[in-house]
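For reference, the chains in residue letters:
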Amino acid sequence: MASLDYAYRRLVNTLGPERVARSEFERMVYSHDFASLPKIALLQWRLYPDFVALPQTTEEVSGVVKLSDESLLQITPRGGGTGWCGGSVPNRGGVLIDMRKMNHILGIDPDGRTVAVEAGVSWKEVEDFVEAKGFALPHVPLNAIGSTVGGAINSGSTGFGGLRGGSLRDAVANLDVVLPDGSLLKTASGADAGGALADLTPLFFGAEGTLGIVTKAVLRLIPKPELTRPLTYSFPELPAAGRFLKAIVDAGLTPYHAAAVDRDHFVFERALRSDTPEPVDLALVAVQGSKDEVADQEKALDALASKEGGAKLPPAVGDGLWRERHNNYGARRLSRGLMISYNLVPLRRLPEAVETAARIRDKLKLNGSVQAHLVDSTTAALNPYVLMDDTRPSGGTALGFVKRMGDAAFKMDGHPMGLGLFLVFNLRKMHGNATSAYSAVKGVLDPRKKINGGKTFEVWTKYPWPGLRAIPPPGMAIGLEVAAILRRAKPTRDRFVRAYEHSKEG
Ligand SMILES: Cc1cc2nc3c(=O)[nH]c(=O)nc-3n(C[C@H](O)[C@H](O)[C@H](O)COP(=O)(O)OP(=O)(O)OC[C@H]3O[C@@H](n4cnc5c(N)ncnc54)[C@H](O)[C@@H]3O)c2cc1C
């Protein structure tokens, strides 16, 4: 292996000194994503990259990837770094490629209804751009501000618009991908490329940066709806809001977004902002269309909500929540850390799923909020979050919540989303025998496992020696189960917000 100084000089020759970082501070910034990892994780993984590279072109990405063959340094692709399971964090140091300098919108084709973008641009920027031209994106990840186009595609993200506009995968027409050997692959469907190419676009959807680095994407567009109206309804309990969401689908309505949020979320938000609505279990539904279409949908939703005991809230509540729709995890400021468990469950089991999530949270004596949204006509996303203080020794035990939630999702015929660094043990349960196909594809595209090696289907440690170099995925599951058991044995609940304790006593 070449020395780190030599590797640094080679990177600087490729990108210039201002786009290669190696200071302690920068390396620390890139040593975590949105998930809170306890300090003890550093015993297992080298989470700090040796270098951070900031390419501006596909050729530069290819150049950095090729350099890895001489330095033998691992490569970690990263977009906004907002993932929840360590996918964009190194496990053995190496070169982290931050894609956010590739953030240009390359052009819109109004006739063909597509927009071409670089992979490091945020979804919000793309959304604002196309809306100014009279178009809309059929699907927008919930975290549109922080998440990049390449990151969301690789995460298999869900978000706004799925029920009406189809999945994010359907919304991607084609991709430019730098493969692990540094060559460029252009994916496209037969229709998009005049029948000239096999469509490999879906291969990279949800690949979590293990198969190549997406540098460009062409996204499909729809005409911009005339009007968006957010509506909110309070319910006597969260499962009733879950039943309401199911009733929306059963009635054949296709709102742009429909979510259930428990009162605890607003208890946390109130501790941070005085303009937060009164804590209630509620549903937020955004409808779109012409004035008449919106009015018709609103009437139908009012009727469905009242069947579940829902009461319509003043328009200002919906307007405020819709404006803040990208800022869901302010509560992190109360506790210094936060863990989100992201699962897909069959829509028919949503009312049971929200109850289960609250039960697991309470059993583990955690502070947290239960939330869910419609993904498509048969599936709901269940994404509760819990607060944790990862600076305290007991803080890390909150990771046990993610394990228990994933297990519960499987029991409800669903599954957790995202494997990254520490949820790898879920892969086989999700895909059964098809799991071997994943390692086979990885073997073909990246035989040396240099891009995000040791993630998604195996867990490498920072130690390169035989016997210690990897943790069997079931071993990770046992570790997180032990965290859950320790968490349950903890005599008292964490105290981050007094009002939360009062609400649980009352
Ligand atoms: C407020 C908030 C809301 C969220 N809501 C949702 C949600 O509703 N649904 C959901 O699915 N997720 C959600 N997430 C999780 C996360 O934000 C999304 O998965 C997001 O799309 C990830 O994008 P990113 O650019 O931050 O990717 P990163 O976190 O940087 O990376 C994610 C994965 O993609 C890889 N990667 C990144 N860029 C590239 C690239 N150009 N080429 C190849 N691989 C790449 C990384 O190596 C990593 O494995 C949310 C997160 C937050 C903070």
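Residues numbered from 1 in each chain as written. Predicted model: local features only at pLDDT ≥ 70, side-chain atom pairs only at ≥ 80, totals over all residues. Heavy atoms only, no water.

This part covers the pairing of strand 3 (residues 75-78). Side chains I75 and P77 of strand 3 all project onto a buried face; the interleaved residues T76 and R78 project onto the opposite face, where all are buried too. Relative to strand 4 (residues 95-98), strand 3 runs parallel, the two being bridged by four bridges. Bridge pairing in strand 4 links T76 to L96. (Buried < 20%, exposed > 50% of the residue type's maximum accessible area, 1.4 Å probe, protein only. Helix = DSSP H or I, 4+ residues; strand = E, 2+ residues; numbered from the N terminus. Pairing = 2+ DSSP bridges.)

Our next topic: the domain arrangement of the chain. Quoted interface sizes are often the accessible area lost when the parts come together. Domain annotation of the chain identifies domain 1 (4-101), domain 2 (105-223) and domain 3 (227-416). For domain 1 and domain 2, the distance between their C-alpha centroids amounts to 23 Å. Here domain 1 and domain 2 share an interface that buries about 1200 Å² over both sides, 64% of which is from carbon and sulfur atoms. Between the two partners, domain 1 and domain 2, sit zero salt bridges. Here domain 1 and domain 2 share three residue pairs in polar contact (both at pLDDT 80 or more) between them. For the side of domain 1 that touches domain 2, the elements supplying multiple residues, two or more each, are helix 3 (58-71) and strand 3. If one sorts the elements of the side of domain 1 that touches domain 2 by residue count, helix 3 sits on top with five residues. The residue makeup of the side of domain 1 that touches domain 2, split by class, is six nonpolar, six polar and three charged. (Domains from an automatic or database assignment. Buried area = accessible area lost by both parts, 1.4 Å probe. Salt bridge = Lys/Arg side-chain N within 4 Å of Asp/Glu carboxyl O. Polar contact = N/O pair within 3.5 Å; in protein donor to acceptor, adjacent residues only side chain to side chain. Nonpolar A, V, L, I, M, F, W, Y, C, P; charged D, E, K, R; others polar.)

With that out of the way, let us pick up the environment of N426. Along the polypeptide, N426 turns up in helix 15 (residues 426-431). Residues N426 and K403 lie 23 residues apart in sequence; the distance between their C-alpha atoms is 9.1 Å. In this view, N426 contacts F410, P416 and L419; residues no more than four positions away in its chain are not counted. (Contact = heavy atoms within 4.5 Å.)

So, on to helix 1 (residues 4-15). The end-to-end C-alpha separation of helix 1 is 16 Å, in line with the 16 Å expected for twelve residues at 1.5 Å each. Burial in helix 1 covers these residues: A7, L11, V12 and L15. Each buried residue of helix 1 sits inside an arc of 140° when the element is viewed along its axis, so together they form one side. Buried-residue contacts for helix 1 involve strand 1 (20-21), strand 2 (51-53), helix 3 and strand 4. Looking at the residues trailing helix 1, positive phi occurs at G16, about 90°. (Expected span 1.5 Å × (residues − 1). Arc of directions from axis to C-beta.)

With that out of the way, let us pick up the pattern of salt bridges. Tallying each qualifying case throughout the model produces 36 salt bridges. Here D389 and R336 are joined by a salt bridge, their closest N and O atoms 2.7 Å apart. Residue D389 is located in the loop between strand 23 (385-387) and helix 14 (399-411), and its partner R336 is located in the loop between helix 12 (332-335) and strand 18 (338-340); the two are separated by 53 residues in the primary sequence. Given a relative accessible area of 56%, R336 falls into the exposed group.

Here we take up the site of the ligand. P77, G79, G80, T82 and T148 are the nearest of the 34 residues found near the ligand. Contact with the protein chains removes 96% of the 970 Å² of surface that the ligand exposes when unbound. Those elements giving two or more residues to the shell around the ligand turn out to be strand 3, helix 5 (149-155) and strand 12 (213-220). (Near = heavy atom within 4 Å. Areas by Shrake-Rupley, 256 points an atom, 1.4 Å probe, with all protein chains shown as cover.)

A positive phi angle is found at R113, which is not glycine, with a value near 55°. Along the polypeptide, R113 turns up in the loop between strand 5 (105-109) and strand 6 (114-118). Not every positive phi belongs to a glycine, and K365 is a case in point at roughly 55°. Structurally, the position occupied by K365 is in the loop between helix 13 (350-363) and strand 20 (368-369).

Contact geometry for helix 14 and helix 17 (residues 473-489): axes closest at 7 Å, N-to-C directions at 110°. If you check the angle between helix 14 and helix 17, you find them roughly perpendicular. Crossing angle aside, the handedness with which helix 14 passes helix 17 is left-handed. Residues L399, G400, K403, R404 and D407 of helix 14 touch helix 17, and the partners they reach there are A477, L480, E481, A483, A484, I485 and R488. For the contact of helix 14 with helix 17, the per-class residue count stands at six nonpolar, one polar and five charged. (Axes fitted to C-alpha atoms, helices over the stretch in contact; angles between N-to-C directions. Parallel < 35°, antiparallel > 145°, perpendicular 65-115°, else oblique. Left-handed = near helix turned anticlockwise from the far one by under 90°.)

A word on the sheet that holds strand 1. Across the sheet, four strands lie side by side as 1-2-4-3; this open sheet has mixed pairing. The sheet is open, and its two borders are formed by strand 1 and strand 3, each paired with just one other strand. Strand contacts of helix 1: strand 1, strand 2 and strand 4, with the helix running at about 10° to strand 2, the strand carrying the most contacts.

Before going further, it helps to examine the side chain of S369. Of note, S369 is situated in strand 20. On the basis of relative accessible area, S369 is assigned to the buried category, the value being 1%. In this structure the side chain of S369 is engaged in a polar contact, spanning 2.9 Å, whose partner is the side chain of D262. Separated by 3.4 Å, the side chains of S369 and Q371 make a polar contact. When sequence neighbours within four positions are dropped, the list of residues in contact with S369 reads D262, D264, H265, F268, R361, P384 and Y385.

If you walk through the whole model with that rule in mind, you get twelve aromatic pairs. Aromatic pair W84 and Y342: ring centres 5.4 Å apart, planes at 75°, arrangement edge-to-face. Taken together, the residues span a long stretch of sequence, with W84 in the loop between strand 3 and strand 4 and Y342 in the loop between strand 18 and strand 19 (343-346) at a distance of 258 residues. Residue classification places W84 among the partly exposed residues on the basis of a relative accessible area of 23%. (Phe/Tyr/Trp six-rings, centres within 6.5 Å; stacked < 30°, edge-to-face > 60°.)

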